[in-house]
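Here are the chains, one letter per residue:
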Amino acid sequence: MNKRPDHLPDFEEPPLVEVAVGLQFNAPPGYTSLYAGDVFKLFKDRFPKPVEQFPMPPSFELFGNSHPQAFQFNLQPQIGVNRYWFLSNDESELIQFQNDRFVRNWRKKGVSPYPRFETIAENFFEDIRKVEDLFQQSGLGRILVNQCELNYINVIPLISSGENLELTEIIGGFNGLSNGFSDFSATLKKVIKNEREIPIGRVTVELTTGNDEHRQPSLFMQITARGAPPSSDLDGAKIFLNAARQNIVETFSALTTAKAHKIWRRKQ
Amino acid sequence: MKPYPYPSPSTLTKIRTDQMDGQVHQLGIERRKTLSHQQGDWTGELNSRLNILCALPVGWDGYSGKPVLYDLASYGAQILQTILTPGAALPSIVPLGTGGLQIEWHEGELDIEITISQPFEADVWVLDEADPEKPDGVETNLTQDFSYLTPFLDRINAKAAASERQFG
């Protein structure tokens, strides 16, 4: 198991409600949706509830010019390609599989504690290696990863100890927000570079206000790190995802205030 | 000039964009299909072009040509999304018999070709006739960062804009 980096900020009660670790890989030539049944068999004992979903389109973090994106493409979905959810019995864990994706989600259910990234990542790699073994036994070849993605979803109540909190008490750097604004939405992006200063991915932060499942005013903060691993094998994916985790935790800590850190019991 | 790995441009089959109703309209000798540049609703145009190429029938080239693979088309679309600016000169998009695609600009003294045969892998060839030291052009492999193309595309866009002012 990976060891948590010593310098990384650590919270006893982070406002995390979901973490998703995922890989996008080259769709194996020769793959048909019949193989999804074989993949389900690998996980059926722990994830016995299958659900069909629309497929996720391929997504790449690319760099080209400094202009905002001029347009979006909408390719028609592929025929005969489905995404499958395999849910655990309590639905707190989920595997998502399609011909070019493998994602594992942890979702907060009730008062269950956050199992920590190291555990989630270890389970993720254990499971994707099973898929890779199956692909190889089936003649589909090795998994060639082209993008990795790590996603942290936080729901932050704008109330603490019975008192309403201003947004500026949770997130820093948005000074005008205390001036009577009731709704807030923002997207922030930063480039991830490798050791040679070459851009390899992005961290994207999406912030929006709304009500949580208990109709409590909340700030939704989704932080995603996505990009290309240093090599297309699973070891390369591990390197990228470990760096992505550090990036996300540091971004979260940098964007949020000392007061909020106290509420979440920051240890270091 | 870079040797064409596929049939030469003289044997291209054109698809008329005014007849894009989901059918492939073949004009001329059938070996390769080109979707030509057209101004106007260019986002929709490019979307339509890519969707049509993904729906080509097997054997579209008279041999065993495959339709453009979805993940390769998606990668190509995202490259265009990354490098095109509003009002940019549109490329031709050409399917390859292997399921790949080629994105091309040919404007005056500049030729740019992006060949996509694998997801997350683009072979780029640029021929700049203004650069006599590289008469065969420059080939490079790009995956993620396409800023290398920005100065060439800026020149193509400027040339196309000037041409439009003159004749438009």
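Conventions we followed
Residues numbered from 1 in each chain as written. Chains lettered and ligands numbered in written order. Predicted model: local features only at pLDDT ≥ 70, side-chain atom pairs only at ≥ 80, totals over all residues. Heavy atoms only, no water. 1 Å grid on protein atoms, 1.4 Å probe; cavity = no way out; pocket = protein on both sides within 12 Å on 5 of 7 lines; lining within 4 Å. Points joined across faces, edges and corners; volume = space filled by probe spheres on them. Helix = DSSP H or I, 4+ residues; strand = E, 2+ residues; numbered from the N terminus. Nonpolar A, V, L, I, M, F, W, Y, C, P; charged D, E, K, R; others polar. Phe/Tyr/Trp six-rings, centres within 6.5 Å; stacked < 30°, edge-to-face > 60°. Buried < 20%, exposed > 50% of the residue type's maximum accessible area, 1.4 Å probe, protein only. Lys NZ or Arg CZ within 6 Å of the ring centre and 35° of its normal. pLDDT = per-residue confidence, 0-100. Contact = heavy atoms within 4.5 Å. Pairing = 2+ DSSP bridges. Axes fitted to C-alpha atoms, helices over the stretch in contact; angles between N-to-C directions.

A. Seen up close, empty space enclosed by the protein. Residues and elements named next belong to chain A. Using the criterion set out here, one finds one cavity of 30 Å³ or more in the structure. What the largest cavity holds in volume is close to 160 Å³. Broken down by secondary-structure element, the contributors of at least two residues to the lining of the largest cavity are strand E6 (145-157) and helix H3 (234-255). Here the lining of the largest cavity gets four residues from one element, more than from any other, and that element is H3. Split into classes, the residues belonging to the lining of the largest cavity amount to 10 nonpolar, one polar and four charged.

B. Molecular detail of the packing of aromatic side chains. In the structure shown here, the tally under the stated rule is 18 aromatic pairs over all chains. With 6.5 Å between their ring centres and 55° between their planes, Tyr-31 of chain A and Phe-135 of chain A make a pair best called tilted. Separated by 104 residues along the polypeptide, Tyr-31 of chain A in the loop between strand E1 (16-25) and helix H1 (35-43) and Phe-135 of chain A in helix H2 (residues 117-137) bring together distant segments of the chain. By the burial criterion, Tyr-31 of chain A is buried, and Phe-135 of chain A matches it. Ring geometry for Phe-60 of chain A against Phe-120 of chain B: centres 5.8 Å apart, planes inclined by 10°, an arrangement best described as stacked. Of the two residues, Phe-60 of chain A is situated in the loop between strand E2 (49-53) and strand E3 (83-87) and Phe-120 of chain B in the loop between strand E5 (110-118) and strand E6 (121-128); the pairing between them involves two chains. For the pair formed by Phe-60 of chain A and Phe-120 of chain B, the shared burial category is buried. Three or more aromatic residues link up through ring pairs in this structure, and these residues are Phe-25, Tyr-31, Tyr-35, Phe-97 and Phe-135 of chain A. Over the aromatic face of Phe-125 of chain A sits the side chain of Lys-238 of chain A, whose NZ or CZ is 5.2 Å from the ring centroid.

C. Molecular detail of the confidence of the model for chain B. All names here are of chain B. Mean pLDDT over chain B: 78, with 74% of residues reaching 70 or higher. Confidence drops under pLDDT 50 across residues 1-40; counting only partners more than four residues distant or on other chains, this segment forms 91 contacts. Among the prediction metrics, the complex's ipTM stands at 0.85, with pTM recorded as 0.86.

D. Spatial organisation of the sheet that holds E2 of chain A. Residue and element names in this part refer to chain A. Overall, antiparallel pairing links the nine strands, which are arranged E2-E3-E4-E5-E1-E6-E11-E10-E9 in an open sheet. In the strand order of this sheet, the two ends are held by E2 and strand E9 (185-193), each with one partner. Across the sheet, the axes of successive neighbouring strands diverge by a mean angle of 15°, strand direction being ignored. Of the strand pairs in this sheet, strand E4 (residues 93-98) and strand E5 (residues 101-107) are connected by six bridges, and their pairing is antiparallel. When the bridges of E5 are listed, Leu-94 appears paired with Asn-105. The sheet contacts of H3 involve E1, E6, E9, strand E10 (199-211) and strand E11 (217-227), and relative to E6 the element is tilted by about 25°.

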